[in-house]
Amino acid sequence: MQPSAVAPLVIDPTGSDLHGEAARIRERGPVTRVVLPGGIEAWAVSDPQLIRTLFTDPRVSKDPYQHWPTWINGGIGPDWPLFAWVVVRNMLTAYGDDHRRLRRLVSSAFTARRVAAMRPRIEAITAGLLDELDARAPGEVVDLREGYAYPLPIQVICELFGIEDRAAREEMRRCTDSFFHTSAGPEEVTRAYTRMQELLRELVAAKREAPGDDLSSALIAARDDESRLSEQELVDTLMLLISAGHETTVNLLGNAVHALLTHPDQLALVRDGRAGWDDVIEETLRAEGPIANIPLRFAVEDIALDCGVTLGKGDPIIACLDAAGRDPNVNGPDAGEFDVTRSVKEHLAFGHGVHYCLGAPLARLEASIALPALFDRFPGMALAAGPGEPAPQESFISNGRRTLPVRLKG
């Protein structure tokens with residue numbers, strides 16, 4: 001990695017000030033050096049257009065097995081907090097033909113028609129969760145993340161994959177939380193990855209024995225009948241889709257609720273019909289996107305950028321999506337403010353290019369159902385947290401809160 005007169009910015013693995021850190025990264029220019037947990041140096045890209053350019057550049061890969069010398073040479077162990085993000089063999093880390101093959105196998109599950117067909121079930125799950133919340137005593141403080149923002153997407157994704165065992169669901173949830181816990185200790189990192197692999201292999205074995213009308217069974221059929229998936233690719237693809245399939249939506253829902261409750265003027269605009277729920281969703285994705293920084297990409301060869309920086313062959317890259325969404329050069333001098341009436345809500349919350357999130361339509365659909373239903377059921381809902389609360393997740397990747405305490409009724 002080329003030398004610089006400016007010392008690299010050390011990323012805070014606890015994510016205690018994601019927006020402040022994003023601003024500091026952006027102030028250093030469109031791309032700057034940072035230090036990730038474990039002392040790993042990387043390039044942080046914050047300029048939205050440069051992110052789009054690199055995300056569509058064939059000289060940028062997500063495959064550490066081919067293009068990250070530190071990984072290839074054994075410099076990364078299973079105790080690294082981001083280990084689960086690079087060890088897997090699925091769409092997340094695939095490159096070129098392998099990526100196209102893996103993405104094609106699961107893309108049919110997220111077509112517009114199939115996602116639209118899930119609306120009645122999402123509405124039913126939403127109604128059931130709201131009924132449970134409505135049964136709580138007036139004035140009682142309720143953790144809305146635990147009671148609403150989390151169970152909705154996890155139930156949707158588990159039904160999509162045919163995961164019926166509640167204990168397995170809960171264990172998968174804990175493992176996923178650890179994958180995003182970027183200040184986790186070595187024991188937690190190793191335990192979470194190992195246990196998730198065990199759970200998914202158990203799921204595969206059960207679905208081989210008794211296939212169902214679900215995505216797990218479909219992927220197993222592709223593996224067993226056509227050999228288009230290796231066994232590890234099968235397990236790792238399930239790991240990606242189940243983990244990413246709910247974590248980002250949890251944060252989208254939680255962040256949208258928190259933003260509206262802390263900006264009553266914005267909520268009033270929605271209730272008065274001067275803004276729509278789609279405006280809320282897109283502005284949340286822009287200003288409080290569920291993913292703050294996304295690791296990792298690698299330069300396949302030296303890449304000379306117009307800003308005068310050269311990304312060296314094998315250098316790791318992270319995309320600073322939070323910094324990009326709040327870029328004042330794109331979204332104006334008030335880019336750091338939550339404004340549902342903003343005419344341009346440009347963001348990269350779901351990525352860009354060949355790795356664009358397949359689950360984006362499903363996440364938007366869930367939010368478009370869950371948010372209006374919640375505020376319609378509890379029009380007097382208020383945040384029940386002190387200054388500086390609720391605390392953020394301990395993550396520089398995931399932008400969310402550990403809890404979301406509210407009073408649903410007066």
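None of the values given here were measured: they were computed from a predicted structure. (Residues numbered from 1 in each chain as written. Predicted model: local features only at pLDDT ≥ 70, side-chain atom pairs only at ≥ 80, totals over all residues. Heavy atoms only, no water.)

1. Remarks on the overall build of the chain
Line of reasoning, step 1. Along the chain, the regular secondary structure elements total 19 helices and 11 strands.
Line of reasoning, step 2. Taken over the C-alpha atoms alone, the chain extends approximately 60 × 55 × 40 Å along its principal axes.
Line of reasoning, step 3. The proportion of buried residues among the 410 residues of the chain is 56%.
Line of reasoning, step 4. Summed over all atoms, the accessible surface of the chain reaches about 16800 Å², with 51% contributed by carbon and sulfur.
Line of reasoning, step 5. Of the charged side chains in the chain, 43 are positive and 59 negative, and the gap between their average positions amounts to 2 Å. (Helix = DSSP H or I, 4+ residues; strand = E, 2+ residues; numbered from the N terminus. Buried < 20%, exposed > 50% of the residue type's maximum accessible area, 1.4 Å probe, protein only. Areas by Shrake-Rupley, 256 points an atom, 1.4 Å probe, with all protein chains shown as cover. Lys, Arg positive; Asp, Glu negative; His and termini not counted. Charge placed at Lys NZ, Arg CZ, Asp CG, Glu CD.)

2. Observations concerning the pattern of salt bridges
Should their charged atoms come close, side chains of opposite charge can pair.
Line of reasoning, step 1. Counting across every chain of the model gives 30 salt bridges.
Line of reasoning, step 2. A salt bridge links R173 to E146; the shortest N-O distance between them is 2.6 Å. Taken together, the residues span a long stretch of sequence, with R173 in helix α11 (residues 166–180) and E146 in helix α9 (residues 144–149) at a distance of 27 residues.
Line of reasoning, step 3. Its relative accessible area of 41% is what places E146 among the partly exposed residues.
Line of reasoning, step 4. A network of salt bridges, in which partner residues are shared, links D131, D134, R377 and K409. (Salt bridge = Lys/Arg side-chain N within 4 Å of Asp/Glu carboxyl O.)

3. Re the state of the cysteines
Line of reasoning, step 1. Counted by the stated rule, this structure contains 0 disulfides.
Line of reasoning, step 2. Note on C307: no disulfide assigned, nearest cysteine sulfur contributed by C320 at a separation of 13 Å.
Line of reasoning, step 3. Judged by relative accessible area, which is 41%, C307 ranks as partly exposed.
Line of reasoning, step 4. For C320, a relative accessible area of 1% gives the class buried. (Disulfide = S-S within 2.5 Å.)

4. Comments concerning the nonpolar core
One recurring pattern in soluble globular proteins: nonpolar side chains tend to sit buried together.
Line of reasoning, step 1. With 138 residues, the main nonpolar core has L144, F161, F179, L311 and M381 as its most contacted residues.
Line of reasoning, step 2. When residues in this core are grouped by element, the largest group, 15 residues, is from helix α14 (residues 231–262).
Line of reasoning, step 3. Those residues within four positions of L144 in sequence are excluded, and the remaining contacts are L133, A149, V257, L374, M381, L404, V406 and L408. (Core = buried A, V, L, I, M, F, W, Y, C linked by side-chain atoms within 4.5 Å. Contact = heavy atoms within 4.5 Å.)

5. Side note on the pairing of strand β6 (residues 293–299)
Line of reasoning, step 1. Here β6 lies mainly inside the structure; 6 of its 7 residues are buried.
Line of reasoning, step 2. Judged from the 2 bridges that link them, strand β4 (residues 60–61) and β6 form a sheet pairing that is antiparallel. Counterpart to S61 in the pairing with β6 is F298.
Line of reasoning, step 3. Examined bridge by bridge, β6 and strand β9 (residues 316–320) share 4 bridges and lie antiparallel to one another. Looking across to β9, one finds that R297 is bridged to I317. (Pairing = 2+ DSSP bridges.)

6. Side note on the packing of aromatic side chains
When we look at a pair of aromatic rings, we describe it by the centre distance and by the angle of the planes.
Line of reasoning, step 1. One pass over the full model with this rule turns up 8 aromatic pairs.
Line of reasoning, step 2. Both rings, one in F83 and one in Y193, keep their centres 5.4 Å apart while their planes meet at 90°; by these two values the pair is edge-to-face. Remark: Y193 occurs in helix α12 (residues 186–209) and F83 occurs in helix α5 (residues 83–87); sequence separation between them is 110 residues. Each member of the pair, F83 as well as Y193, carries the same accessibility label: buried.
Line of reasoning, step 3. Ring geometry for F350 against Y356: centres 6.4 Å apart, planes inclined by 65°, an arrangement best described as edge-to-face. (Phe/Tyr/Trp six-rings, centres within 6.5 Å; stacked < 30°, edge-to-face > 60°.)

7. Comments concerning the sheet that holds strand β11 (residues 405–407)
Line of reasoning, step 1. The 3 strands lie next to each other as β5-β11-β10, forming an open sheet whose pairing is antiparallel. Looking at the sheet topology across the chains shown, the edges are occupied by β5 (141–143) and β10 (382–383).
Line of reasoning, step 2. Summarising the sheet, β5 and β11 pair through 3 bridges and their orientation is antiparallel. Its bridge partner being in β11, D143 is matched across the sheet by P405.

8. Points about the pairing of strand β2 (residues 31–36)
Line of reasoning, step 1. Across the 6 residues that make up β2, a large majority, 6, are buried.
Line of reasoning, step 2. Burial along β2 is two-sided: the residues V31, R33 and V35 and T32, V34 and L36 are all buried.
Line of reasoning, step 3. Two elements, strand β1 (residues 9–10) and β2, share 2 bridges in a ladder whose sense is parallel. Paired with L9 across the bridge in β2 is V34.
Line of reasoning, step 4. Between β1 and its parallel partner β2, the chain crosses via helix α1 (residues 18–27), and the hand of that crossover is right-handed.
Line of reasoning, step 5. Note that β2 and strand β3 (residues 40–45) share 6 bridges and pair antiparallel. Bridging from a neighbouring strand, V31 pairs with V45 of β3.
Line of reasoning, step 6. Hairpin remark: β2 followed by β3, antiparallel, with 3 residues in the connecting loop; positive phi at G38, about 85°. (Right-handed = clockwise from strand over helix to strand, strands pointing away.)

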